[in-house]
Amino acid sequence: NTVAIRIIHKKNKAIKPNNLASTQKTKKTTITTMSASDEEFVSIDIYPELMFEEDLTPDCGVEIDDVCEQIRTAVKGWGSDKGGLIDALGSTTPEDRLKIAIRYKDNYDKELKDVLKKETSGDFGQAMKYLSLDPVRAECAMIKDACKGIGSHATLLHTILVGRSNRDMELLKKTYYKQYSTDLTGLISSELGGDNWELASAGLQAAEEPFDPDYHTEEKAEEDVEEIWKNGQGKFFGTDETKLFKTVVLSPPKYLRMINEIYTDKYGYTLTKAMEEELGGNARRGAVFAIKMRLKPYEAIAEMVKASCAGIGTDELLLTCCVIRYQDMMGHVNFAHEEMYGKNLQDRVRDECDGDYKKLLLSLLEKVSPES
């Protein structure tokens, strides 16, 4: 009974989250929205509903074939037409890209990812690689890239592995093994250590509890608050991160909200503040992200976009992955980002990026959250 979020825009303007409680149709896409009360019970699905169908032979329609032809035209001859590729793939949604990956192979007997790997490079090429894949395979490629070289990109791994719905995570693990013949849990255990691994391990379990009002009571929340305190801020020496992460990652959003309110009333700290006090480095950022993806997901994503642009230089890999992975909900995220930082996501990208890479990210954002 997981609720999925789709494209968030209407009449060329983004819709505020609290006003959503229906399904509407536009000429180009179906927009499924959800009420604030629904959002309390389950974690957000990132993957399009189509990804969960057993028979992945969707009715693509002539529009998808037209995009495939646009791509083919853009890569013909000597060099590729970057503008043509941006026009073709920059105006797509995650569900579109699932269909495009299938139809391109059907029509031209070539894997789109192989074609674009040959024709593009740099940050632009990396983004194009992810756009050439369906949303699940794209995340698999992101994980693989996050584990390249000396040391892994722990922050990116955490954004992919925590704050997910159970069925998203199960499909991700299954697909990763199918793609690379490697167990995802085994890979992450070899890439992350200490608190970073404990947090990721909790997410990989895909064991978020369904909300049960007879079980997830205020009395149980008070007991869990005591456990969190005793194993965190109230512990005389050290912190038992395993128990903390289990509560943070596996509790349903509505119940975690109860815990957060009781913890704040009793100890004067929110759960996110408690994690900031008790943890350090990437584990702290990951734990805070996990909590906020349960309680305030659009703010969590907005903060992660901001974090990708903080400090000296831009973390292009993290920024690219945020824009592509969360594209369907960028209408909500854009509102949160503007309220938090006084600028929209498009302005953030203009300030931090350049060239064809900037044009591509702007096109992806404009598709779902047009500037007025």
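Look up: the structure comes first, before these words.
Residues numbered from 1 in each chain as written. Predicted model: local features only at pLDDT ≥ 70, side-chain atom pairs only at ≥ 80, totals over all residues. Heavy atoms only, no water.

A. Quick look at the overall build of the protein. Scanning the protein from N- to C-terminus turns up 21 helices and two strands. Counting every position in the protein, which comprises 372 residues, the buried fraction comes to 53%. Residue pairs in contact within the protein that sit at least 24 positions apart in sequence constitute 70% of those at least 6 positions apart. Entry remark: accessible area of the protein is about 17,000 Å², with carbon and sulfur atoms responsible for 46%. (Helix = DSSP H or I, 4+ residues; strand = E, 2+ residues; numbered from the N terminus. Buried < 20%, exposed > 50% of the residue type's maximum accessible area, 1.4 Å probe, protein only. Contact = heavy atoms within 4.5 Å. Areas by Shrake-Rupley, 256 points an atom, 1.4 Å probe, with all protein chains shown as cover.)

B. Broad picture of the side chain of D134. Topologically, D134 is positioned in the loop between α6 (122-131) and α7 (135-146). At a separation of 2.9 Å, a polar atom in the side chain of D134 contacts the main-chain amide nitrogen of V136. Separated by 2.9 Å, the side chain of D134 and the backbone nitrogen of R137 make a polar contact. Leaving out residues up to four positions away in the same chain, D134 has contacts with M51, R97, L98 and A101. (Polar contact = N/O pair within 3.5 Å; in protein donor to acceptor, adjacent residues only side chain to side chain.)

C. Structural context of the pattern of salt bridges. Going through the model one piece at a time under the given rule, you end up with 22 salt bridges. K173 serves as the salt-bridge partner of E170, at 3.9 Å between the closest nitrogen and oxygen. Of the two residues, E170 and K173 are both situated in helix α9 (residues 166-180); the distance of three residues between them amounts to about one turn of the helix. Beyond isolated ion pairs, a larger network of salt bridges with shared partners links E139, R164, D168 and R325. (Salt bridge = Lys/Arg side-chain N within 4 Å of Asp/Glu carboxyl O.)

D. Just the packing of aromatic side chains, in detail. Enumeration over the complete set of coordinates arrives at six aromatic pairs. Here the aromatic rings of Y47 and F52 are separated by 6.4 Å at their centres, their planes lie at 45°, and the arrangement is tilted. Accessibility expressed as a relative area gives 21% for F52, which makes it partly exposed. Centroid distance Y176 to Y180: 4.8 Å. Interplanar angle 55°. Geometry classified as tilted. You can see Y176 and its partner Y180 sitting in helix α9, four residues apart, about one turn around the helix. If you follow R167 out to its NZ or CZ, it ends over the ring of F52, 3.9 Å from the centre. (Phe/Tyr/Trp six-rings, centres within 6.5 Å; stacked < 30°, edge-to-face > 60°. Lys NZ or Arg CZ within 6 Å of the ring centre and 35° of its normal.)

E. Up close: the packing of helix α14 (residues 253-267) against helix α16 (residues 281-295). Following both chains from N to C, one finds α14 and α16 inclined at 115°, their axes separated by 8 Å at the closest point. As far as their axial angle goes, α16 and α14 are roughly perpendicular. Considering the relative orientation of α14 and α16, their crossing is left-handed. Listed contacts from α16 to P253, L256, R257 and N260 of α14 are I291, R294 and L295. Its residues assigned to classes, the contact of α14 with α16 shows four nonpolar, one polar and two charged. (Axes fitted to C-alpha atoms, helices over the stretch in contact; angles between N-to-C directions. Parallel < 35°, antiparallel > 145°, perpendicular 65-115°, else oblique. Left-handed = near helix turned anticlockwise from the far one by under 90°. Nonpolar A, V, L, I, M, F, W, Y, C, P; charged D, E, K, R; others polar.)

F. Summary view of the nonpolar core. With 113 residues, the main nonpolar core has I71, I143, L161, L172, L184, I188 and Y326 as its most contacted residues. With sequence-adjacent residues up to four places away left out, I71 is seen in contact with L85, A88, L89, I100, Y104, L112 and L116. (Core = buried A, V, L, I, M, F, W, Y, C linked by side-chain atoms within 4.5 Å.)

G. Expanded view of helix α20 (residues 345-352). When we look at burial in α20, the residues that qualify are L345, Q346, R348 and V349. All buried residues of α20 project into a common sector of 160° when viewed along the axis, lining one side. Check the buried side of α20 and you find it contacts α17 (297-308), α19 (330-341) and α21 (355-368). (Arc of directions from axis to C-beta.)

H. Seen up close, the packing of α7 against helix α8 (residues 154-161). The geometry of α7 relative to α8 is characterised by a closest axis approach of 9 Å and an angle of 155° between their N-to-C directions. Compared by their axis directions, α7 and α8 come out roughly antiparallel. Considering how the two elements wind past one another, α7 and α8 form a crossing that is left-handed. Along the contact surface, α7 presents E139, M142, I143 and A146, while α8 presents L156, L157, I160 and L161. Considering only residue class, the contact of α7 with α8 consists of seven nonpolar, no polar and one charged.

I. Region of the structure containing a positive patch on the surface. A surface patch of positive charge is lined by R72, K76, K110 and K118. Take R72: it is sitting in helix α2 (residues 61-74). (Patch = residues over 30% accessible without salt bridge, like charges linked within 9 Å, V, L, I, M, F, W, Y side chains within 5 Å. Lys, Arg positive; Asp, Glu negative; His and termini not counted. Charge placed at Lys NZ, Arg CZ, Asp CG, Glu CD.)

J. Here's a closer look at a negative patch on the surface. On the surface, E218, E219, E222 and E223 cluster together into a patch of negative charge. In this structure, E218 sits in helix α12 (residues 218-231). Overall, the relative accessible area of 48% leaves E218 in the partly exposed class.

K. Region of interest: unusual backbone geometry. With phi around 55°, D109 is a residue other than glycine that occupies positive phi space. Within the secondary structure, D109 sits in the loop between α4 (94-108) and α5 (112-119). Classification of D109 by relative accessible area gives exposed; the value is 60%. Although it is not a glycine, A206 sits at a positive phi angle of roughly 50°. We classify A206 as buried; its relative accessible area is 14%.

L. Quick peek at α4. Between the first and last C-alpha of α4 there are 21 Å, a value that for 15 residues agrees with the 21 Å anticipated at 1.5 Å per step. P94, R97, L98, K99, I100, A101, Y104 and Y108 are the residues of α4 that are buried. A positive backbone phi angle near 55° is found at D109, which sits one or two residues after α4. (Expected span 1.5 Å × (residues − 1).)

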